[in-house]
Amino acid sequence: MDTELMQTLNFTAEDIEANRRGEFSERQWAKLPRPDWRRTLINLGYGVAFLVALAAVWLSWNQSGDLTNVLAEFSLYTAVLVIGGFALYFFYRAYERRPQLPSEFEVKCVTGEATLSSGVLSSGREVYRVRIDDPAIVVKDPVFAIPQDAYHTFKQGRRYQVYHVPGVGILSAETEPAPEPFVQSRNT
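Keep in mind that this is a model prediction, so the values were computed, not measured. Every residue gets a number counted from 1 within its own chain, in the order that chain's sequence is written. Given that the model is predicted, a residue must reach a pLDDT of at least 70 before its local features are reported, and side-chain atom pairs must reach 80 or more before they are shown or counted; all residues, however, enter totals for whole chains, interfaces and linings. Side-chain numbers come from the whole structure's heavy atoms, not from hydrogens or water.

Engineer: Explain the overall build of the protein chain to me, please; I cannot follow it from the model alone.
Structural biologist: The helix and strand tally for the protein chain stands at six helices and five strands. In the protein chain, the succession of helices and strands from N to C terminus is α-α-α-α-α-β-β-β-α-β-β. Each residue is placed in one exposure class: buried if its accessible area under a 1.4 Å probe, protein chains only, is under 20% of its type's maximum, exposed if it is over 50%, and partly exposed if it falls in between. Buried positions account for 30% of the 188 residues belonging to the protein chain. Contacts between residues were defined by any pair of non-hydrogen atoms, one from each residue, lying within 4.5 Å. Within the protein chain, counting contacts between residues at least 6 apart in sequence, those at least 24 apart form 55% of the total. Surface accessibility follows the Shrake-Rupley procedure with a 1.4 Å probe radius. Residue values consider only the protein chains on display as shielding. Of the accessible surface of the protein chain, which amounts to about 12800 Å², a share of 57% is contributed by carbon and sulfur atoms. Starting at the N terminus, helices and strands are each numbered in turn, a helix being any DSSP run of H or I of at least four residues and a strand any DSSP run of E of at least two.

Okay, here's the thing in structure tokens:
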């Protein structure tokens, strides 16, 4: 077991044993992000506010009865479309950004060669990443943000088995054992 990886990624032997079984250790379970419903409720509030505004515009135009000229009708329909669009947008954001419950998290494993990269964000903060090139993944190889010391621990081109939670990050990792050297048999 690679103790340097264990230290830089902050996992234990119990953690990796649980991850190999597709499970979380108790320690990892306790560290999983918990739901924060504030952002979802704020987006729902905006969506409801835009629906109320939509109803107010519709009722005010219907009560005035002044839908005789084309400009008034166009203004009404434009307001309905814009306000309705904002309402749908905020309802969609509320759904899209709903927090995951810990019971929805799943341990995944990816195996392949490590490709390291680093860069600087517009804020000036340095970021370090490792991509695991897994030939079994057709769409897109997973890229993980890692601490700087882990960046120097992973070796470019070496094969790793990385246990992770999508959207959360790496749980544990280990170097994949080298395959047995091929020895051609001799027929005598």
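Still more ground to cover, so stick around.
Engineer: Mind showing me how you'd approach a nonpolar patch on the surface here?
Structural biologist: On the surface, W37, L41 and L44 cluster together into a nonpolar patch covering about 300 Å² of accessible area. Of note, L44 is situated in helix α4 (residues 38-64). Residues enter patches when their relative accessible area tops 30% and they take part in no salt bridge; the joining distance is 9 Å for like charges and 5 Å for the nonpolar side chains Val, Leu, Ile, Met, Phe, Trp and Tyr. Criterion for a salt bridge: a side-chain nitrogen of Lys or Arg within 4 Å of a carboxyl oxygen of Asp or Glu.

Engineer: Is there a simple way to think about the pairing of strand β5 (residues 169-175) in this case?
Structural biologist: When a strand is regular, its side chains alternate between the sheet's two faces. Of all seven residues in β5, six are buried, a share of seventy percent or more. In this analysis, strands are considered paired if DSSP registers two or more bridges between them. As judged from the six bridges shared by strand β4 (residues 159-165) and β5, these two strands associate in the antiparallel manner. In the strand pairing of β5, V165 is matched with G169. Hairpin remark: β4 followed by β5, antiparallel, with three residues in the connecting loop; positive phi at G167, about 85°.

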